[in-house]
Amino acid sequence: MPIFRNRYLPYFFIAPQIIVTLLFFIWPALTAFRQSFFLQDAFGLKHHFIGLKNYYFLLASGSYWHSILITLLFSAVVAVFTLGLALFIATLVNRVVRFSTGYRVLLILPYAVAPAIAGILWRFLFNPAIGICSYVLSLLGYHWNYLLNGKQAFILICIAAIWQQFSYNFLFFVASLQAIPKSLLEAASIDGANVWQRFWHVIWPLLSPTTFFLLVINVIYAFFDTFGIVQTVTQGGPANATNLVVYKVYSDGFLGMNYGSSAAQSVILMLIVIFLTVLQFRYAEKKVHYQ
Amino acid sequence: MLKYLLLILSLCFASASAIQAKTRIVFWHSMGGQLGVILNHLVKEFNDSQHQYVVDAIYKGQYAESLTSTVAAFHAHKAPDLVQVFEVGTATMLSSKAAIVPVYRLMKDNNIPLSSQQFFPAIGGYYSNTKGQLMAFPFNSSSPVLYYNKEAFRMAGLNPNKPPKTWPQLEADSKQLLKAGYQCGFTTAWPSWIQLEVFSAWHNKPFATQGNGLLGNNPRVKFNYPLLVKHIATLGRWQKEHIFEYGGQESNAIALFETGVCPMITDSSGALASLSKTVKFPLAVGYLPYWPADGVPQNTSIGGAALWVMAGHSKHEYKGIAEFLQFLAKAKIQAYWSEKTGYLPVTMAAYNYIKNQGYYQRHPNQEIAIKELNHKPPTRYSKGIRLGNYSLIRKINSSAIEAVMSQQMTAKQALDKAVKEDNLLLEQFHLSIQ
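Just so you know, these numbers come straight off a predicted model, no measurement behind them. (Residues numbered from 1 in each chain as written. Chains lettered and ligands numbered in written order. Predicted model: local features only at pLDDT ≥ 70, side-chain atom pairs only at ≥ 80, totals over all residues.)

1. Thoughts on the overall build of chain A
Right, so step 1: Scanning chain A for helices and strands turns up 12 helices and 2 strands.
Right, so step 2: Each helix (α) and strand (β) of chain A, taken in turn from the N terminus, gives the series α-β-β-α-α-α-α-α-α-α-α-α-α-α.
Right, so step 3: If you line up chain A on its principal axes, its C-alpha atoms span 75 × 75 × 30 Å.
Right, so step 4: Burial statistics for chain A: of 291 residues in total, 33% are counted as buried.
Right, so step 5: For chain A, contacts bridging at least 24 residues in sequence account for 69% of all contacts bridging at least 6. (Helix = DSSP H or I, 4+ residues; strand = E, 2+ residues; numbered from the N terminus. Buried ≥ 20, exposed ≤ 12 C-beta atoms within 10 Å, placed from the backbone. Contact = placed C-beta atoms within 7 Å.)

Here it is as structure tokens:
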């Protein structure tokens, strides 16, 4: 006996989700795909089909390869550090007996801050002229000027992104840690396992579905959602040191009005993320234990 | 109850129709802060001077944002009547023939005389097509000058009435300022505009082929010539010696000058209005420095913005726009705008008007930019630069300067690389407008 008697009712229920997906994901993606084969002037008065030339121009430009490389580095740094830090702190908070709710609330709070606001906060803290962190660094004898020093600028946006994405990771780890049956840990203790052994042989395998999920999410975050941070902190500079792929899509498309190239870049970005996600599912997922 | 409702309703309609009786002209601009106040004053004067039109001046954010908004509004068939576009967007606007109404045609259709000859050659020429017909209305034009802190000069034992004329003199003065305890000698706003583009005009060197893009629509940049390589390399060396302090792209460096950290800055003449308000030290203006050689300096080229008339509006609106532009071109209005803001008087009539009133004798600081612009009759390579994908090109060029200042690349490497990347963008632009 089917749950729904009316055969159209299920379609009705999933319709909103389908419509949203079509309208906000599939349609723009197809438009971008189509646009990437055209050259278009700023006001959209002329379209020329130019085949793969937009892609050719991109791949012939050194700065595009630079963008891809620093984006890969950025996503690796952000994904790994966010995961590591969140897991470490979640494990500690899980052992705290008193005020654990308070700790958790405080640690989850940054997630409520919009990326642009997070960017502004970090910019103020590290502003070479007026930032408190720059002041402290200068007391320690370190010359901080991320407006000119590309490495410092890169580190700064990494910190801002990790800080922002940390809460989300933390939230998931805390939830999964609490879902681990106490009996398993007790059994391990009785068998003589020390803290490290309990973590490595019991907790870590049980956390692996969460870790895997977060790894995928973090990579996607680093690729797509860091626009606000780059825009507010560095605008891609200095000397393109923080010109992440997603920011370049924006600045070439909206500031440069080079729509064809911007579309081609978003298609490449999409392909990279699809490729990375498939890769993670093919290889990393084999190490995941689903209960 | 019903009676009141009807009364209110009829009042609403009455006031709505009163507004509709005047033709509304939407004018998008990027004049923030003090400049916006001065512009609104002009707009109000126009609105009060007649009863047929109301110009509605709306601040649309910085130049790049405003241009993006205009494009989006054009796609949605809601483009403004008049929009202020910076020189970076000139090639884009010129090549979008169906999106704009050329100013010369607008004026002809409405029988209002206005020719490119009324403007200074370096200004009118920049906004004209190859036939010399005015395509946009030059509104706020500026030229880079050297601002300096007179008090700092006095403290360092330099003559406060004698700013450095050449780059070697500026180096010597900077060393003196460093000795007197200043952290740096000078900084620059708009690095790629001033240190690459205007630098080329000032030294009469080609920035791009086809007369810097004014004589054709398929130019290629070639600014990696020896003098400019030497200049950027020198800035890189000065950065190490603190003679120069890089202060960021666009106008970010102004903070270094305003706070008294660097006693000299090369910046747009349009910055004078706000600088006079913000700095606490006696401010003076000198000529943009140059490297001494035969025939140098030539003349500076302009930056700033022009007003473009958008296509797709009614005859009434166009009549109104034409009258508004005629109003803005009046010598008296130009004089007010120039005196208050530091932008150049764009017509010769306005310049003479200001001069005859003895204004420049009282305010010598404000005459420097116009003297630079008219230092010599402009050549093929000193009338300005018109490139497609210009904003992206500026970004690449700024990055090149940053790469030299942070010692990642030599000046030669950085400029060669920038030229190569710029030319890829120019090739794309040419394809897109075919």
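Okay, back to it.
2. Here's the deal with the overall build of chain B
Right, so step 1: Regarding its fold elements, chain B presents 20 helices and 10 strands.
Right, so step 2: Relative to the 2.2 N^0.38 estimate, which gives 22 Å for 434 residues, the radius of gyration of chain B is 23 Å and therefore close to what a compact globule would have.
Right, so step 3: C-alpha extents for chain B along the principal axes are approximately 80 × 50 × 45 Å.
Right, so step 4: Of all intrachain contacts in chain B linking residues separated by at least 6 positions in sequence, the fraction that spans at least 24 positions is 76%. (Rg over C-alpha atoms; globule rule 2.2 N^0.38 Å.)

3. Observations regarding the interface of chain A and chain B
Right, so step 1: Facing 31 residues of chain A, the contacting portion of chain B comprises 31 residues.
Right, so step 2: Elements represented by at least two residues in the side of chain A that touches chain B include exactly strand 1 (38–40), helix 2 (53–60), helix 3 (62–95) and helix 11 (245–255) of chain A.
Right, so step 3: When residues in the side of chain A that touches chain B are grouped by element, the largest group, 3 residues, is from helix 11 of chain A.
Right, so step 4: Looking at the side of chain A that touches chain B residue by residue, the classes come out as 15 nonpolar, 13 polar and 3 charged. (Nonpolar A, V, L, I, M, F, W, Y, C, P; charged D, E, K, R; others polar.)

4. Some remarks on the environment of threonine 242 of chain A
All names here are of chain A.
Right, so step 1: Turning to its location among the elements, threonine 242 is positioned in the loop between helix 10 (227–233) and helix 11.
Right, so step 2: Separated by 12 residues in the primary sequence, threonine 242 and valine 230 place their C-alpha atoms 7.1 Å from one another.
Right, so step 3: If we skip the residues at most four places from it in the chain, threonine 242 touches Ala153, Phe154, Ile157, Val230, Thr234, Gly236 and Gly237.

5. Focus: helix 2 of chain A
Right, so step 1: For helix 2 of chain A, the complete set of buried residues consists of Lys53, Asn54, Phe57 and Leu58 of chain A. Projected down its long axis, helix 2 of chain A shows its buried positions confined to an angular sector of 145 degrees, all on one face. (Arc of directions from axis to C-beta.)

6. A short note on helix 11 of chain A
Right, so step 1: Considered for burial, the residues of helix 11 of chain A that qualify are Val245, Tyr247, Lys248, Val249, Ser251, Asp252 and Gly253 of chain A.
Right, so step 2: Residues of helix 11 of chain A that are buried make contact with helix 3, helix 10 and helix 12 (259–283) of chain A together with helix 19 (390–405) of chain B.
Right, so step 3: At the exit of helix 11 of chain A stands methionine 257 of chain A, carrying a positive phi of roughly 55 degrees.

7. Looking at the environment of serine 176 of chain A
Right, so step 1: With respect to the helices and strands, serine 176 of chain A occurs in helix 7 (residues 150–179).
Right, so step 2: With residues up to four places along the chain from it excluded, the contact list for serine 176 of chain A reads Leu207 and Thr210 of chain A.

8. Quick word on the packing of helix 15 (residues 331–341) of chain B against helix 16 (residues 348–356) of chain B
Residues and elements named next belong to chain B.
Right, so step 1: Helix 16 packs onto helix 15 with a crossing angle of 70 degrees between their chain directions and a minimal axis gap of 8 Å. Between helix 15 and helix 16, the angle is such that the two are roughly perpendicular. For the pair helix 15 and helix 16, the sense of crossing is right-handed. Of the residues in helix 16, those touching helix 15 at Ala331, Lys332, Gln334, Ala335, Ser338 and Glu339 are Ala349, Ala350, Tyr353 and Ile354.
Right, so step 2: Looking at the contact of helix 15 with helix 16, its residues break down into 6 nonpolar, 2 polar and 2 charged. (Axes fitted to C-alpha atoms, helices over the stretch in contact; angles between N-to-C directions. Parallel < 35°, antiparallel > 145°, perpendicular 65-115°, else oblique. Left-handed = near helix turned anticlockwise from the far one by under 90°.)

9. Topic: the pairing of strand 8 (residues 264–268) of chain B
Residue and element names in this part refer to chain B.
Right, so step 1: Burial within strand 8 is extensive, with 5 of its 5 residues counted as buried.
Right, so step 2: Looking at chain direction, strand 7 (residues 186–188) and strand 8 are connected through 3 bridges and run parallel. Among the inter-strand pairings, threonine 187 is bridged to a residue of strand 8, identified as isoleucine 265. (Pairing = 2+ DSSP bridges.)

10. Observations regarding the confidence of the model for chain B
All names here are of chain B.
Right, so step 1: For chain B, the average pLDDT comes to 91, and 95% of its residues sit at 70 or higher.
Right, so step 2: Low pLDDT (under 50) marks residues 14–18, which in the prediction has 0 contacts with non-local residues, meaning those over four places away or in another chain.
Right, so step 3: Interface confidence for the predicted complex, given as ipTM, is 0.73, next to a pTM of 0.82. (pLDDT = per-residue confidence, 0-100.)

11. Let's talk about unusual backbone geometry
All names here are of chain B.
Right, so step 1: In this model, valine 296 is joined to proline 297 through a cis peptide bond whose omega is 5 degrees.
Right, so step 2: Among the secondary structure elements, proline 297 is positioned in the loop between strand 9 (283–286) and strand 10 (303–310).
Right, so step 3: Despite not being glycine, histidine 242 has its phi angle at roughly 65 degrees, a positive value.
Right, so step 4: Position of histidine 242 among the secondary structure elements: in the loop between helix 11 (226–241) and helix 12 (254–258).
Right, so step 5: Owing to 16 C-beta atoms within 10 Å, histidine 242 belongs among the partly exposed residues under this scheme.
Right, so step 6: A positive phi angle, near 60 degrees, is found at glutamine 407, a position not held by glycine.
Right, so step 7: Note that glutamine 407 resides in the loop between helix 19 and helix 20 (411–433).

12. Remarks on the sheet that holds strand 8 of chain B
Residues and elements named next belong to chain B.
Right, so step 1: Taking strand neighbours across the sheet as the criterion, the 4 strands line up as 7-8-6-9 in an open arrangement whose pairing is mixed. Across the chains shown, the open sheet's two edge strands, defined by having one partner strand only, are strand 7 and strand 9. Direction aside, the axes of adjacent strands within the sheet are offset by 30 degrees on average.
Right, so step 2: Where strand 6 (residues 144–149) meets strand 8, 5 bridges bridge the pair, whose relative direction is antiparallel. Bridged to tyrosine 148 within strand 8 is methionine 264.
Right, so step 3: Relative to the sheet, helix 9 (residues 191–202) contacts strand 6, strand 7 and strand 8, its axis offset from that of strand 7 by approximately 95 degrees.

13. As for the packing of helix 3 of chain A against helix 7 of chain A
Residue and element names in this part refer to chain A.
Right, so step 1: Between helix 3 and helix 7, whose axes approach to 7 Å, the crossing angle comes to 40 degrees. If you check the angle between helix 3 and helix 7, you find them oblique. Between helix 3 and helix 7 lies a crossing whose hand is right-handed.
Right, so step 2: Broken down by class, the residue content of the contact of helix 3 with helix 7 amounts to 21 nonpolar, 5 polar and no charged.

14. Regarding the environment of glycine 192 of chain A
Right, so step 1: Position of glycine 192 of chain A relative to the elements: it lies in the loop between helix 8 (182–190) and helix 9 (195–224).
Right, so step 2: On the neighbour-count criterion, glycine 192 of chain A (7 C-beta atoms within 10 Å) is exposed.

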